[in-house]
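Each chain, letter by letter, is given below.
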Amino acid sequence: MADTGTVSTSNGSTKEHDGSFTAKTYKRRWWILLVFSFNNCVQNAMYNTWPPVADALQIGFGWSDSFSAVMLLMYCTAVIMGTFPVMYSIDNIGVRHGMVLSTAVSVLCSALWLVGLPLRQTWLLALGSFLNGLGSTVTSSLPTVISTSWFSVSERTTATSIASMGYLGAAVAFFAGPYISGANVTASEVINKDTLPTEFVDQLQNGVLNILYFMTALTVVGFWFTIIYFPSQPPQCPSKAQTHPRESFWPGMKHLLSNGHFWKLTLAFNLPNGIFNSWIPFCSVSFRSLGVDEVTSGWIGFSALLISSLLSIPISWIADRFKRKLKLFLQLANGLALALYLILALIQRGCISISDHQLSIAVLYILSIGAATCINGFIPIYYELASECAFPVDESLACALLTTLNNVIGVVFFLLLLIPALALDSEWMMWTCVGACALAVPLLFFMKENYYRLDVDTACTQTDEEYRAVVS
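We now turn to the structure provided with this report. (Residues numbered from 1 in each chain as written. Predicted model: local features only at pLDDT ≥ 70, side-chain atom pairs only at ≥ 80, totals over all residues. Heavy atoms only, no water.)

## Considering helix H3 (residues 65-93)
Helical geometry note: an α-helix holds 3.6 residues per turn, so side chains three or four residues apart project in the same direction. For H3, built from 29 residues, the straight-helix expectation of 42 Å at 1.5 Å per residue is met to within 8% by its first-to-last C-alpha distance of 40 Å. Taken as a whole, H3 carries its principal kink of about 45 degrees at Gly82; the proline Pro85 stands between one and four residues after it. Among the residues trailing H3, Gly94 stands out with phi positive, at a value near 95 degrees. (Helix = DSSP H or I, 4+ residues; strand = E, 2+ residues; numbered from the N terminus. Expected span 1.5 Å × (residues − 1). Bend = angle between axes of the 7 residues up to and from the residue.)

## Observations regarding the nonpolar core
Formed by 105 residues in total, the largest nonpolar core has its most connected members in Phe262, Trp279, Tyr341 and Phe414. Ranked by residues supplied to this core, first place goes to helix H19 (residues 395-417) with 11 residues. Setting aside residues up to four positions removed in sequence, Tyr341 forms contacts with Pro272, Phe276, Ala371, Ile375, Met430, Cys433, Val434 and Cys437. (Core = buried A, V, L, I, M, F, W, Y, C linked by side-chain atoms within 4.5 Å. Buried < 20%, exposed > 50% of the residue type's maximum accessible area, 1.4 Å probe, protein only. Contact = heavy atoms within 4.5 Å.)

## Considerations on the packing of aromatic side chains
What the rule picks out here adds up to 20 aromatic pairs. Here the aromatic rings of Trp50 and Phe67 are separated by 5.5 Å at their centres, their planes lie at 85 degrees, and the arrangement is edge-to-face. Taken together, the residues Trp50 in the loop between helix H1 (29-47) and helix H2 (54-61) and Phe67 in helix H3 connect sequence positions 17 residues apart. The interplanar angle of 45 degrees and the centroid separation of 6.4 Å between the aromatic rings of Tyr88 and Trp250 together place this pair among those described as tilted. Separated by 162 residues along the polypeptide, Tyr88 in helix H3 and Trp250 in helix H12 (residues 249-257) bring together distant segments of the chain. What makes Tyr88 partly exposed here is its relative accessible area of 39%. With relative accessibility at 59%, the residue Trp250 sits in the exposed group. What links up through ring pairs into an aromatic cluster is the set Trp50, Phe61, Trp63, Phe67 and Trp113. (Phe/Tyr/Trp six-rings, centres within 6.5 Å; stacked < 30°, edge-to-face > 60°.)

## Quick look at the pattern of salt bridges
Pairing between side chains of opposite charge can happen when the charged atoms of each approach one another. By the definition in use, this model includes five salt bridges. Glu388 is the salt-bridge partner of Arg156, the closest N and O atoms lying 4.0 Å from each other. Remark: Glu388 occurs in helix H18 (residues 379-390) and Arg156 occurs in helix H7 (residues 156-163); sequence separation between them is 232 residues. An identical accessibility class is assigned to Arg156 and Glu388; each is buried. (Salt bridge = Lys/Arg side-chain N within 4 Å of Asp/Glu carboxyl O.)

## Focus: the environment of Arg29
If you trace the backbone, Arg29 turns up in helix H1. Residues Arg29 and Gln233 lie 204 residues apart in sequence; the distance between their C-alpha atoms is 9.6 Å. Arg29 has contacts with Trp150, Phe151 and Glu155, leaving out every residue within four places of it along the chain. A distance of 2.8 Å separates the side chain of Arg29 from the backbone oxygen of Tyr26, its partner in a polar contact. (Polar contact = N/O pair within 3.5 Å; in protein donor to acceptor, adjacent residues only side chain to side chain.)

Encoded structure:
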């Protein structure tokens with residue numbers, strides 16, 4: 001076997017020697033990761049702007065819960081329509097130009113919202129959500145590209161977890177909604193909205209506008225961070241796998257469509273994740289039947305997304321130490337999520353009764369945070385295993401396919417919310433989460449895990465001809 005070694009250079013970068021190949025990482029990789037993760041969080045925060053203030057929108061603007069569903073529907077539709085054209089374009093223009101366009105579109109979205117809300121032009125608000133979805137196609141599809149392009153093999157899963165922490169932004173939206181707007185709306189106020197004083201209604205309207213000012217500031221900061229410094233790739237590759245030729249767009253798409261194990265993993269990821277992250281913005285609607293007010297529901301959603309996003313880092317750090325056991329990680333997480341969802345569904349159904357209100361709130365916190373961690377905390381591992389299974393297809397294309405199907409599920413979920421009978425009875429949402437996790441169990445069991453990309457990095461003596469024979 002070829003001699004290997006690691007050398008630290010005077011500028012803080014690290015070189016790894018592997019025979020004729022020398023890997024190198026740069027300190028600036030942390031800036032790239034920070035900027036990418038920040039923009040991902042901002043776009044997810046904008047995605048989750050409207051549902052946490054659904055009650056305030058009913059009172060202040062006369063818009064029902066269906067308005068929030070339509071806004072999310074526009075976002076998901078844009079992702080579905082735009083993901084593959086955008087990924088094809090990035091193949092030609094590079095990651096930097098793709099990120100600049102993505103952040104610029106987010107700024108345009110926030111501008112349309114600032115104009116549309118005071119004028120009560122819902123079509124401008126919907127157009128803004130559509131544009132935010134187009135911009136999000138970049139940040140939702142490139143986490144593994146960023147980690148593979150800039151980070152060594154031992155850091156890759158951890159870097160993917162930080163790059164994909166977009167749900168941290170959705171958590172911020174739960175906090176921003178009730179507290180920046182001052183919209184502490186109770187269930188009784190929604191029922192008696194026609195009798196509320198004008199001053200209270202005006203306060204809610206101004207509060208929602210303040211949320212949009214906050215989101216606009218975040219998009220502008222993200223745009224300027226990207227403009228300042230965000231190259232498409234480092235001067236030298238951090239791992240041998242990064243130097244390996246990738247399949248071009250159309251051959252890669254054909255490869256993925258015929259890869260049965262990749263599709264099992266994709267469905268096992270998207271069924272629980274797509275439904276959970278479509279439900280969590282509407283947890284205030286879902287928990288309304290349990291007597292939970294909007295602010296408390298917002299704190300539950302905020303805590304669930306925040307803690308699950310932060311826990312994804314240590315989870316991914318552990319996974320980096322057990323790189324060939326990723327499927328086991330996912331099976332354990334999905335099984336626990338199924339159990340937690342089932343308890344939540346039984347509580348909402350009334351089969352499990354908790355007489356003390358404060359205790360019931362605490363239980364909702366624990367169950368929601370646990371379920372969110374089992375779903376969102378393991379997203380980086382799904383991304384990494386999908387990239388391994390799809391290799392030598394480009395990581396961006398594999399993640400783009402995961403993202404597209406995720407939003408297809410979101411579209412179906414939000415369309416169901418537009419049905420009046422289902423909009424009034426939210427119990428079906430939780431049982432859908434239970435069913436999604438149950439379906440993921442056999443999919444993960446029969447999915448065969450492969451580590452083609454890791455083999456390139458670890459099998460130093462393997463020739464390209466031998467590798468092509470393995471993956472063909």
